[in-house]
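Secondary and tertiary structure notes
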Amino acid sequence: MSIKTATINGVATIEIARPEKKNAITSAMYQAMADAINAAAAEPSVRALLITGQPGIFTSGNDIEDFMARPPHDGEAPVFQFMEALIGCDKPVIAAVTGGAIGIGTTMLLHCDFVYVADDARLAMPFVSLGLVPEFASSLLVPQLMGNRRAAEKLLLGDPFTGEQAVECGIANAVLPAGEVLNHARRIAERFNTLAPSAVRESKRLMREPQRAALRETYRNEAEIFGARLRSPEAMEAFQAFFQKRTPDFTQFS
């Protein structure tokens with residue numbers, strides 16, 4: 001399955017554990033993460049959730065082979081169940097990021113409450129370079145966080161950025177040495193063991209609820225366009241180039 005879960009001292013940890021594939025996420029892994037988030041949200045003993053990857057890699061994004069074999073067709077697809085679970089989670093979600101966080105590896109951070117990144121972190125949203133469009137409501141949230149011009153660098157050009165830049169533009173809380181990120185994130189998560197749980201949940205709801213309808217509308221609209229783009233000649237060229245380990249040639253398109 002490549003998703004490991006454990007609940008220790010009130011913290012439900014969801015670990016992306018597929019280092020041999022750079023933690024690329026399959027449909028089954030999305031389902032496992034969705035189930036883990038929903039289970040943690042329903043478990044009274046859980047006060048916070050912690051999402052992490054492996055040392056040196058958070059996730060390289062979608063597993064392209066699996067994604068092409070099992071493209072999401074409707075709202076019941078595992079990737080959308082994962083998105084809905086994370087958007088709807090009423091408990092604090094903390095992310096610990098080391099190494100690469102590509103595609104949904106970055107966009108999922110937009111829906112976490114605390115994000116701690118390593119000094120070796122490299123984030124990127126290279127959707128356009130794959131002939132695709134932004135997902136997980138990033139077309140709404142990224143311009144909100146950093147303004148249209150810097151958002152264009154990240155979403156249209158797909159420029160990668162560092163942990164320091166993620167803090168500067170509001171995606172992350174702090175940068176730490178790679179060996180300290182996970183322990184620091186866990187300490188933050190464990191602080192919720194001493195706070196009033198219903199007050200925490202209600203406060204998060206007050207902070208997040210005004211925008212949840214817009215987030216759902218945006219990610220569903222993105223998903224419709226994304227699904228159509230998957231079948232486009234541009235995306236086909238990008239995926240062929242990926243498997244052939246070459247740069248895609250988009251000069252043939254207008």
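Anyway, here's the lowdown on the structure attached to this text. (Residues numbered from 1 in each chain as written. Predicted model: local features only at pLDDT ≥ 70, side-chain atom pairs only at ≥ 80, totals over all residues. Heavy atoms only, no water.)

**Here's the deal with the overall build of the chain**
Defined as follows: Numbering of helices and strands runs from the N terminus; a helix is a DSSP stretch of H or I covering at least four residues, while a strand is a stretch of E covering at least two. Values of the radius of gyration come from C-alpha atoms, whereas the globule rule sets the reference at 2.2 Å times the count of residues to the power 0.38. Think of it in three bands: residues with accessible area under 20% of the maximum for their type are buried, residues over 50% are exposed, and the middle band is partly exposed, with areas taken using a 1.4 Å probe on protein chains only. Whether two residues are in contact is decided by their heavy atoms, any of which lying within 4.5 Å being enough. Areas reported as accessible are Shrake-Rupley estimates using a 1.4 Å probe. Residue values count occlusion only from the protein chains shown. We treat Lys and Arg as the positive residues and Asp and Glu as the negative residues; His and chain ends play no part in the count. For the purpose of locating charges, the reference atoms are NZ of Lys, CZ of Arg, CG of Asp and CD of Glu.
In terms of helices and strands, the chain carries 9 helices and 10 strands. Relative to the globule expectation of 18 Å for 254 residues, the C-alpha radius of gyration of the chain, 18 Å, shows essentially globular dimensions. Considered along the principal axes of its C-alpha atoms, the chain spans approximately 60 × 35 × 35 Å. Taking all 254 residues of the chain together, 48% fall into the buried category. Considering only intrachain contacts with a sequence separation of at least 6, the fraction spanning at least 24 residues in the chain is 72%. Of the accessible surface of the chain, which amounts to about 12,000 Å², a share of 54% is contributed by carbon and sulfur atoms. Side-chain charges of the chain comprise 25 positive and 29 negative groups, with the mean position of each set lying 3 Å from the other.

**Regarding the sheet that holds strand β9 (residues 161-162)**
Let me state the cut-off plainly: In this description, strands pair whenever DSSP reports at least two bridges between them.
With mixed pairing, the 4 strands of this open sheet are ordered in space as β4-β6-β8-β9. In the strand order of this sheet, the two ends are held by β4 (57-59) and β9, each with one partner. Direction of pairing for strand β8 (residues 122-124) relative to β9: antiparallel, over a ladder of 2 bridges. Each bridged residue has a counterpart across the sheet, and for R122 the counterpart in β9 is T162.

**Section: the packing of aromatic side chains**
For the record, the criterion: Centres within 6.5 Å make a pair out of two Phe, Tyr or Trp rings, where for Trp the six-membered ring is used; the pair is then stacked when the planes are under 30 degrees apart, edge-to-face when over 60, and tilted otherwise.
Applying the stated criterion across every chain yields a total of 7 aromatic pairs. Where F250 meets F253, the ring centres are 6.4 Å apart and the plane angle is 45°; that geometry is what we call tilted. Its relative accessible area of 25% is what places F253 among the partly exposed residues. Here a set of aromatic residues connected by ring pairs shows up, and it is made of Y30, F82 and F136.

**Quick word on empty space enclosed by the protein**
Definition in use: Here a cavity denotes a set of grid points, spaced 1 Å apart and computed over the protein atoms alone, in which a 1.4 Å probe fits but from which it cannot get out, and a pocket denotes an open set meeting protein on both sides within 12 Å along at least five of seven lines; residues with an atom within 4 Å of a point are reported as lining. Grid points are joined across faces, edges and corners, and a volume is the space filled by probe spheres set on the points. Residues are grouped as follows: nonpolar covers Ala, Val, Leu, Ile, Met, Phe, Trp, Tyr, Cys and Pro; charged covers Asp, Glu, Lys and Arg; every other residue, Gly included, is treated as polar.
Considering all chains together, one arrives at 1 cavity of 30 Å³ or more under this definition. Taken as a whole, the largest cavity spans an internal volume of roughly 40 Å³. Contributing to the lining of the largest cavity are L86, I87, H111, K204, R208, R212 and L215. The dominant element in the lining of the largest cavity, judged by the number of residues it contributes, is helix α8 (residues 197-230), at 4 residues. Counted by class, the lining of the largest cavity contains 3 nonpolar, 1 polar and 3 charged residues.

**Things to note about the nonpolar core**
Proteins that are soluble and globular tend to have nonpolar side chains buried together. Put simply, the rule reads: Grouping buried Ala, Val, Leu, Ile, Met, Phe, Trp, Tyr and Cys residues that are joined through side-chain atoms within 4.5 Å yields what is termed a nonpolar core.
In this structure, L49, F82, V97, I104, M108, L109 and I171 are the most contacted members of the largest nonpolar core, which totals 62 residues. When near neighbours in sequence (up to four residues on either side) are disregarded, I171 contacts L109, L110, V115, L123, L145, M146, F161 and A166. Within the second largest apolar cluster, 14 residues are counted, among which are I94, V181, A185 and V200.

**A short note on a negative patch on the surface**
Worth spelling out the cut-off: Nonpolar side chains (Val, Leu, Ile, Met, Phe, Trp, Tyr) within 5 Å and like charges within 9 Å form the patches, drawn only from residues with over 30% relative accessible area and no salt bridge. For this document, the term salt bridge refers to a Lys or Arg side-chain nitrogen within 4 Å of an Asp or Glu carboxyl oxygen.
Taken together, the side chains of D119, D120, E164 and E180 make up a negatively charged region of the molecular surface. If you trace the backbone, D119 turns up in the loop between β7 (114-118) and β8.

**What to know about the packing of helix α1 (residues 27-42) against helix α3 (residues 78-88)**
Under the convention used in this document: Note on geometry: axes are C-alpha line fits, over the in-contact stretch for helices, and angles between N-to-C directions span 0 to 180 degrees. Each angle receives one of four descriptions, namely roughly parallel if under 35 degrees, roughly antiparallel if over 145, roughly perpendicular if within 65 to 115, and oblique otherwise. When the near helix sits turned anticlockwise from the far one by under a right angle, the crossing is termed left-handed; a clockwise turn instead gives a right-handed crossing.
Across the interface, α1 lies against α3 with an axial gap of 8 Å and an inter-helix angle of 25°. Classified by the angle between their axes, α1 and α3 sit roughly parallel to one another. Judged by the sense of rotation from one axis to the other, the crossing of α1 with α3 is left-handed. Facing S27, Y30, Q31, M33, A34, I37 and N38 of α1, the residues of α3 in contact are P78, V79, Q81, F82, A85 and L86. Tallied by class, residues from the contact of α1 with α3 come to 9 nonpolar, 4 polar and no charged.

**Focus on α3**
Within α3, 8 of the 11 residues are buried, which leaves the element mostly enclosed by the surrounding structure. Listed in full, the buried residues belonging to α3 are P78, V79, F80, F82, M83, A85, L86 and I87. In this structure, the buried residues of α3 make contact with α1, β3 (48-52), β5 (93-97), α4 (104-107) and α8.

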